[in-house]
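Structural overview for review
Listed below are the residues making up each chain.
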Amino acid sequence: MSAFQQTPTQRVLVTGGTGFIGTALVNELLNAGHHVTLYSRKPDAAIAHFNGNGNVSAFARWDELASDAQIDAVINLAGSPVVGPRWSNARKQVLLASRVGTTEGLMSWITRATHKPAVLINGSAIGYYGCRGDEALDESAGTQDEFMSELCQRWEAAACQAEAFGVRVLRLRLGLVFCSKSDRGGALPKLIAPYYFGLGGRIGDGRQVMSWVHRDDVIAVIARAIGDTSMRGAYNLTAPEAPTQAQFASAVGQALHRPTLLVTPACVINTLAGEMGALFTKGQRVVPTRLLAAGYTFKYPDLASALKAYVSE
């Protein structure tokens, strides 16, 4: 059953709709009978991505979206992958443009829209808080002087401009996103792959905390956010249980029946990846305080449940 099955029929604008989270999200919207408009650099390919479903339309430039377009909700997931090439100045500009630039384009449409969307759900990341070790971080935690923190701050600030037009804005700060094996994509297959060859193990001292969330929970929270008008502001979208990297390595090794003897020095990761290496060698213990207080029940609350679902496929 689609997470959106109980939501009244909506006209939803999605950016990043052909990405890892976006594809699953749009499919669930379509399965529940909603109408989806995609912002994409390749509109024809985006429509084909969903088999030419008649409830999907797409556009490539914000000035192509009519001022009188009837959009009820916006889900903003656009962004080039953070994990990839080293963060040179040029690469940082690409990451900023794909998130902040896209969101500013969205704001240009909302400014002139005669029918304002009721809600904007903006996908952000726990990088907002910077790398803070074992410190428990709820939504009130501050920021750091780091690129990922700056990126998320600017991204969220751009989205918050919609509030001036009466749009309810949610900023979802996602951890590493896991999924089922059959779905592919996301962080889990990349993290698990070395273990199949007996190359898994600790990175550095292994004490860095891995805050993660399953894609099913991401989509369920988005579905709830569209209908629940009490939800607004920042929400940490991470599973309640966040293991250390050493605990993750041990759990994966046990689940796959593989050794976890390899130790990769943190200096090797930092040398190879540069500034981006902090994503692997430092940790963040991010707590979903507001979601838990709102009564949300995670489908995958701990690593054991996510690994069991992954390995059993």
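Before reading further, recall that the structure is shown in the block above.
Now for a description of the structure that goes with this document. (Residues numbered from 1 in each chain as written. Predicted model: local features only at pLDDT ≥ 70, side-chain atom pairs only at ≥ 80, totals over all residues. Heavy atoms only, no water.)

Points about the overall build of the protein
The secondary structure content of the protein amounts to eleven helices and 13 strands. Computed over its C-alpha atoms, the radius of gyration of the protein comes to 19 Å, within 12% of the 20 Å expected for a compact globule of 313 residues. Each of the three principal axes of the protein carries a C-alpha extent, and together these read 60 × 40 × 40 Å. Taking all 313 residues of the protein together, the buried fraction comes to 51%. Summarising the internal contacts of the protein: among those between residues at least 6 apart in sequence, 77% fall at separations of at least 24. Of the roughly 13,800 Å² of accessible surface on the protein, a fraction of 53% belongs to carbon and sulfur atoms. (Helix = DSSP H or I, 4+ residues; strand = E, 2+ residues; numbered from the N terminus. Rg over C-alpha atoms; globule rule 2.2 N^0.38 Å. Buried < 20%, exposed > 50% of the residue type's maximum accessible area, 1.4 Å probe, protein only. Contact = heavy atoms within 4.5 Å. Areas by Shrake-Rupley, 256 points an atom, 1.4 Å probe, with all protein chains shown as cover.)

Looking at the side chain of Asn-236
Within the secondary structure, Asn-236 is located in strand β11 (residues 233–237). Its relative accessible area of 0% is what places Asn-236 among the buried residues. Polar contacts involving the side chain of Asn-236 include one to the side chain of Tyr-129, which spans 2.6 Å. Filtering out sequence-adjacent residues up to four positions away, Asn-236 remains in contact with Tyr-129, Leu-137, Asp-138, Glu-139, Arg-173, Val-286, Val-287, Pro-288 and Leu-291. (Polar contact = N/O pair within 3.5 Å; in protein donor to acceptor, adjacent residues only side chain to side chain.)

Topic: the sheet that holds strand β5 (residues 119–125)
In space, the seven strands of this open sheet follow the order β3-β2-β1-β4-β5-β7-β11, with parallel pairing throughout. Taken across any chain shown, the strands that pair with only one partner, and hence form the sheet edges, are β3 (56–59) and β11. Averaged over all adjacent pairs, the angle separating strand axes in this sheet is 20°, with direction ignored. By the bridge criterion, four bridges tie strand β2 (residues 35–39) to β3 in an arrangement that is parallel. Along β3, the bridge assignment pairs Leu-38 with Ala-58. Where helix α6 (residues 215–227) meets the sheet, it contacts β4 (73–76), β5, β7 (168–174) and β11, and its direction lies at approximately 170° from that of β7. (Pairing = 2+ DSSP bridges. Axes fitted to C-alpha atoms, helices over the stretch in contact; angles between N-to-C directions.)

Re the packing of helix α5 (residues 188–196) against helix α7 (residues 245–256)
Viewed as axis vectors pointing N to C, α5 and α7 meet at an angle of 60°, and their least axial separation amounts to 10 Å. Relative to α7, α5 is oriented so that their crossing is right-handed. Within the contact between the two elements, α5 uses Leu-188, Leu-191, Ile-192, Tyr-195 and Tyr-196 and α7 uses Gln-245, Phe-248, Ala-249, Val-252, Gly-253 and Leu-256. Split into classes, the residues belonging to the contact of α5 with α7 amount to nine nonpolar, two polar and no charged. (Left-handed = near helix turned anticlockwise from the far one by under 90°. Nonpolar A, V, L, I, M, F, W, Y, C, P; charged D, E, K, R; others polar.)

Here's the deal with the environment of Ala-249
Tracing the backbone shows Ala-249 in helix α7. A relative accessible area of 3% places Ala-249 in the buried class. Remark: the alpha-carbon pair of Ala-249 and Arg-202, spanning 47 residues in sequence, is separated by 6.4 Å.

Side note on the packing of aromatic side chains
Under the counting rule described, the total for this entry stands at nine aromatic pairs. With a centroid separation of 6.5 Å and 45° between ring planes, the pair formed by Phe-178 and Phe-248 is classed as tilted. Taken together, the residues Phe-178 in strand β8 (residues 176–178) and Phe-248 in helix α7 connect sequence positions 70 residues apart. Across the pair, exposure class does not vary: Phe-178 and Phe-248 are buried alike. Through pairs of rings, three or more aromatic residues link up here, namely Phe-178, Tyr-195, Trp-212 and Phe-248. The lysine or arginine in question, Arg-99, covers the ring of Trp-155, its NZ or CZ lying 5.3 Å from the ring centre. Above the face of the Tyr-235 ring, Arg-290 is positioned so that its terminal group lies 4.1 Å from the ring centre. (Phe/Tyr/Trp six-rings, centres within 6.5 Å; stacked < 30°, edge-to-face > 60°. Lys NZ or Arg CZ within 6 Å of the ring centre and 35° of its normal.)

With respect to the nonpolar core
If you look at the biggest cluster of nonpolar residues, it comprises 37 residues, and the most contacted ones within it are Phe-4, Val-14 and Leu-237. Elements that contribute at least two residues to this core include exactly β1 (11–15), α1 (20–31), β2, β4, β5, β7, α6 and β11. Considering every element that reaches this core, the biggest residue donor is α6, with seven residues. Discounting residues that sit within four places of it in the chain, Phe-4 has contacts with Leu-25, Glu-28, Leu-29, Ala-32, His-34, Ile-219, Ile-222, Ala-223 and Ile-226. (Core = buried A, V, L, I, M, F, W, Y, C linked by side-chain atoms within 4.5 Å.)

Here's the deal with a nonpolar patch on the surface
On the surface, Tyr-196, Phe-197, Leu-199 and Leu-262 cluster together into a nonpolar patch covering about 430 Å² of accessible area. Among the secondary structure elements, Tyr-196 is positioned in helix α5. Here Tyr-196 falls in the partly exposed class, since its relative accessible area comes to 34%. (Patch = residues over 30% accessible without salt bridge, like charges linked within 9 Å, V, L, I, M, F, W, Y side chains within 5 Å. Salt bridge = Lys/Arg side-chain N within 4 Å of Asp/Glu carboxyl O.)

Overview of α1
For α1, spanning twelve residues, the distance from its first C-alpha to its last is 17 Å, which sits close to the expected 16 Å at 1.5 Å a residue. Buried within α1 we find Ile-21, Gly-22, Thr-23, Ala-24, Leu-25, Val-26, Leu-29 and Leu-30. Where α1 terminates, the next one or two residues include Gly-33, which has phi positive at roughly 90°. (Expected span 1.5 Å × (residues − 1).)

Details of the state of the cysteines
Counted under the stated rule, the structure contains zero disulfides. Between Cys-152, a free cysteine, and Cys-131, which holds the nearest cysteine sulfur, the sulfur-to-sulfur gap is 11 Å. On the basis of relative accessibility, which here comes to 1%, the residue Cys-152 falls in the buried class. (Disulfide = S-S within 2.5 Å.)

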